[in-house]
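Per-entry structural report
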Amino acid sequence: MRNRELYIRLQSCLQTILDMEEYLERCNLLDSLRKELGMLRGFMDSIPEMELAEQDVERIEAATANFLGNLSLPLQTQPGNPGICKRVQ
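Residues numbered from 1 in each chain as written. Predicted model: local features only at pLDDT ≥ 70, side-chain atom pairs only at ≥ 80, totals over all residues. Heavy atoms only, no water.

A word on the layout of surface pockets. Within this model, the largest pocket holds a volume of roughly 170 Å³. Along its surface, the largest pocket is lined by Leu14, Ile17, Leu33, Glu36, Leu37, Leu40, Ile60, Ala63, Thr64 and Phe67. For the lining of the largest pocket, the secondary-structure elements that each account for two or more residues are α1 (2–19), α3 (30–46) and α4 (54–77). Looking at the lining of the largest pocket residue by residue, the classes come out as eight nonpolar, one polar and one charged. (1 Å grid on protein atoms, 1.4 Å probe; cavity = no way out; pocket = protein on both sides within 12 Å on 5 of 7 lines; lining within 4 Å. Points joined across faces, edges and corners; volume = space filled by probe spheres on them. Helix = DSSP H or I, 4+ residues; strand = E, 2+ residues; numbered from the N terminus. Nonpolar A, V, L, I, M, F, W, Y, C, P; charged D, E, K, R; others polar.)

Once that is clear, we can look at the pattern of salt bridges. By the definition in use, this model includes six salt bridges. For Glu61, the salt bridge is made with Arg9, and the minimal N-O distance between the two is 2.8 Å. With a gap of 52 residues between them, Glu61 in helix α4 and Arg9 in helix α1 connect regions that are remote in the sequence. For the salt bridge of Asp31 with Arg34, the shortest nitrogen-to-oxygen distance reads 2.8 Å. In this pair, Asp31 and Arg34 both sit in helix α3, three residues apart, roughly one turn of the helix. The exposed category is assigned to Asp31, whose relative accessible area is 64%. Residue Arg34 is classed as partly exposed on the basis of its relative accessible area, which comes to 44%. (Salt bridge = Lys/Arg side-chain N within 4 Å of Asp/Glu carboxyl O. Buried < 20%, exposed > 50% of the residue type's maximum accessible area, 1.4 Å probe, protein only.)

All right, on to the nonpolar core then. Membership of the largest hydrophobic core comes to 19 residues, with the highest contact counts inside it found for Leu14, Leu24, Leu37, Leu40, Ile47 and Leu52. Those elements giving two or more residues to this core turn out to be α1, α3 and α4. At six residues, α1 tops the list of elements feeding residues into this core. (Core = buried A, V, L, I, M, F, W, Y, C linked by side-chain atoms within 4.5 Å.)

Confidence along the protein chain averages 81 in pLDDT terms, with 80% of residues attaining 70 or more. Here helix α5 (residues 82–87) is the element of the protein chain with the lowest mean pLDDT, 50, and α1 is the one with the highest, 91. (pLDDT = per-residue confidence, 0-100.)

Turning our attention to the environment of Leu68. Here Leu68 shows up in helix α4. Considered as a pair, Leu68 and Thr16 are 52 residues apart in the sequence and their alpha carbons are 9.1 Å apart. Contacts of Leu68, omitting those with residues within four sequence positions, involve Thr16 and Met20. (Contact = heavy atoms within 4.5 Å.)

So, on to the packing of α1 against α3. In the contact formed by α1 and α3, the axes pass within 10 Å of each other and the chain directions differ by 150°. The orientation of α1 relative to α3 falls into the category roughly antiparallel. As for how α1 packs across α3, the hand of that crossing is left-handed. In this structure, α1 uses Leu10, Gln11, Leu14, Gln15, Ile17 and Leu18 to contact α3, whose residues at the interface are Leu37, Leu40, Arg41, Phe43 and Met44. Residue composition of the contact of α1 with α3, by class: eight nonpolar, two polar and one charged. (Axes fitted to C-alpha atoms, helices over the stretch in contact; angles between N-to-C directions. Parallel < 35°, antiparallel > 145°, perpendicular 65-115°, else oblique. Left-handed = near helix turned anticlockwise from the far one by under 90°.)

Put into structure tokens, the structure is as follows:
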């Protein structure tokens, strides 16, 4: 049961990042992250088979928050599509 909760938390982090793909593309940031997003998609398929630890999921949650925080300013300041890019915060 505990592993199921960890799986859901991990999947949520990864899906949050993958859901940013549309915004990244509209703000001309997708090309630099395309390879990593592909790796995340592949990784998501193997999550149910993994034995997860709380510490690992916490690290991934922190890294996801850090990633989103680092994207905040670039997405807000991209020229060309300011309305789209400023919505992501």
